[in-house]
Amino acid sequence: MPIYEYRCAACGTQKEHLQKMSDEPIAQCPSCGSSDYAKQLSAAGFQLKGNGWYVTDFKNSGSGPACGSGGCGSSGCA
Ligand SMILES: [Zn+2]
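Fair warning: this is a prediction, and the values are worked out from it, not measured in the lab.

Turning our eyes to something else, we now look at the overall build of the protein. The helix and strand inventory of the protein stands at one helix and three strands. Walking the protein from its N terminus toward its C terminus, one meets helices and strands in the order β-β-β-α. Buried positions account for 6% of the 78 residues belonging to the protein.

By the secondary structure assignment, Q40 is in strand β3 (residues 37-40). Separated by 33 residues in sequence, Q40 and R7 place their C-alpha atoms 6.7 Å apart.

With that out of the way, let us pick up the sheet that holds strand β2 (residues 14-18). Sheet strands pair by backbone hydrogen bonding; their relative direction is either parallel or antiparallel. Spatially, the three strands line up as an open sheet ordered β2-β1-β3, and their pairing is antiparallel. With partners counted over all chains shown, the strands left at the sheet margins are β2 and β3, one partner each. Mean inter-strand twist for the sheet, computed between neighbouring axes without regard to direction, equals 35°. Bridge count between strand β1 (residues 3-8) and β3: four bridges; the pairing is antiparallel. Paired with R7 across the two strands is A38, which belongs to β3.

On to the nonpolar core. Membership of the largest hydrophobic core is limited to five residues, which are Y4, Y6, C8, C29 and Y37. If sequence neighbours within four positions are ignored, C29 has contacts with C8, A10, C11, T13, S34 and Y37.

Let us now look at the pairing of β1. By the alternation rule, side chains of β1 split into Y4, Y6 and C8, which are all buried, and I3, E5 and R7, of which none is buried. In the sheet, β1 pairs with β2 via five bridges, with the strands oriented antiparallel. Following the sheet pairing, I3 is matched in β2 by L18. As consecutive antiparallel partners, β1 and β2 are separated by five residues, and within that stretch G12 has a phi angle of approximately 85°, a positive value.

Calculation notes
- Residues numbered from 1 in each chain as written.
- Predicted model: local features only at pLDDT ≥ 70, side-chain atom pairs only at ≥ 80, totals over all residues.
- Helix = DSSP H or I, 4+ residues; strand = E, 2+ residues; numbered from the N terminus.
- Buried ≥ 20, exposed ≤ 12 C-beta atoms within 10 Å, placed from the backbone.
- Pairing = 2+ DSSP bridges.
- Axes fitted to C-alpha atoms, helices over the stretch in contact; angles between N-to-C directions.
- Core = buried A, V, L, I, M, F, W, Y, C linked by C-beta atoms within 7 Å.
- Contact = placed C-beta atoms within 7 Å.

What follows is the structure, encoded as structure tokens:
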């Protein structure tokens, strides 16, 4: 699970939150309650933009160039 760093523009609070990718971003500062609480992208060591995650999409798109007729035998190849 990725850790996101948030910073409050109102009071300067900085805090890390462990969140699922699917979780809503936290919109309120836990310290002062301001809604100027924003995710900092620079701190994340994770790739947050979601290309390449969807193995099922790849599977559904049919045989790729690496899969000849009869399949290539790799897991993901039908
Ligand atoms: Zn705050």
